[in-house]
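Fold and contact review
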Amino acid sequence: MEIRKKSLVAAAYISNIPPESYADFAFPYPRFGHVTSNIVESLNGAWKTLRHLPPLRMLVTIWSTVMETFCERRDRLQKDPTLTDSTKKGFDVRYTISRRWRILSCNSLKVEVINESGKEFVVDLIDRGRSCSCGRYVEYDSPCTHAIVAARYLHIDPYSLFGHHYTIFCYRLTYQAEIPPLLSQGLKMDDMLPPLVI
């Protein structure tokens, strides 16, 4: 390793960091395609226009934005009775693609899927060990295209392969809490400004 040439202490420090902290293959839970900072970066982008506001005004605006988002999402109609709209949209695309692929059966819950370019994947649909050799099924806790074609072949409802957090029920639970309005009258909003960074 290059780092050992520069610093044995740094190399020892790095080698003591467990792979679960930085490697996708070792992470014990699905990450749903997110690495550590993705969500923070999304919030920074969403609140970019608020950065010029005084701190108290910024907090009141963030509160109002979150309140409005929760209300809108709580009342939003979903087209499918089981899966959220965004989940169903992705599923429909994968389902259409899966119709062109071939299956080689291994046993009652394990199959080999061959896509149109001839690449092979092994799908295991055993209850607790559901997986696909592509890695996306475990990563997203949602059936990849290979798992969908395997489910169709094995006469398993592909909807049953989704994690519960993709359901309308879970979506509704997420936004069930009502966030009360925050009255900002009487708060001295403009007395304090953000620090000047030179």
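A quick note: this is a predicted structure, and the numbers were derived from the prediction, not measured. By convention here, each chain's residues receive numbers from 1 onward along its written sequence. Side-chain atom pairs in this predicted model are given and counted only at pLDDT of 80 or more, local residue features only at pLDDT of at least 70, and totals for whole chains, interfaces and linings cover all residues. Excluding hydrogens and water, the side-chain values take into account all heavy atoms of the structure.

Below, the discussion takes up the pairing of strand β3 (residues 120-124). At least two DSSP bridges between two strands are needed for those strands to be called paired. Under the scheme used here, helices are H or I runs from DSSP no shorter than 4 residues and strands are E runs no shorter than 2 residues, and both carry numbers assigned from the N terminus. Pairing of strand β2 (residues 110-114) with β3, which is carried by five bridges, proceeds in the antiparallel orientation. Each residue of the ladder has a partner; that of Val111, found in β3, is Val123. Where β2 folds back onto β3 in an antiparallel hairpin, the turn is made up of five residues, including Gly118, whose phi is positive at roughly 90 degrees. Where β3 meets strand β4 (residues 131-132), two bridges bridge the pair, whose relative direction is antiparallel. Residue pairing for β4: Val123 is matched across the bridge by Cys132.

To continue, consider the state of the cysteines. The term disulfide is used for any two cysteine sulfur atoms that are within 2.5 Å. Counted under the stated rule, the structure contains zero disulfides. Considering cysteine sulfurs only, Cys132 is the nearest to Cys134, which forms no disulfide, with 3.6 Å between them. Judged by relative accessible area, Cys134 falls into the partly exposed class, the value being 22%. For each residue, the accessible area found with a 1.4 Å probe, counting protein chains only, is set against the maximum for its type, and the residue is called buried under 20%, exposed over 50%, and partly exposed in between.

Distance thresholds for patches are 9 Å for like charges and 5 Å for nonpolar side chains (Val, Leu, Ile, Met, Phe, Trp, Tyr), applied to residues having over 30% relative accessible area and no salt bridge. Per-residue and other accessible areas follow the Shrake-Rupley method at a 1.4 Å probe size, with only the shown protein chains counted as cover for residues. A pair is scored as a salt bridge if a Lys or Arg side-chain nitrogen falls within 4 Å of a carboxyl oxygen belonging to Asp or Glu. A contiguous nonpolar surface patch, about 300 Å² in accessible area, is contributed by Ile3, Tyr13 and Ile14. For Ile3, the location among the structural elements is in helix α1 (residues 2-6). When its relative accessible area of 31% is taken as the criterion, Ile3 is described as partly exposed.

Function-wise, these values are silent; they only describe arrangement.
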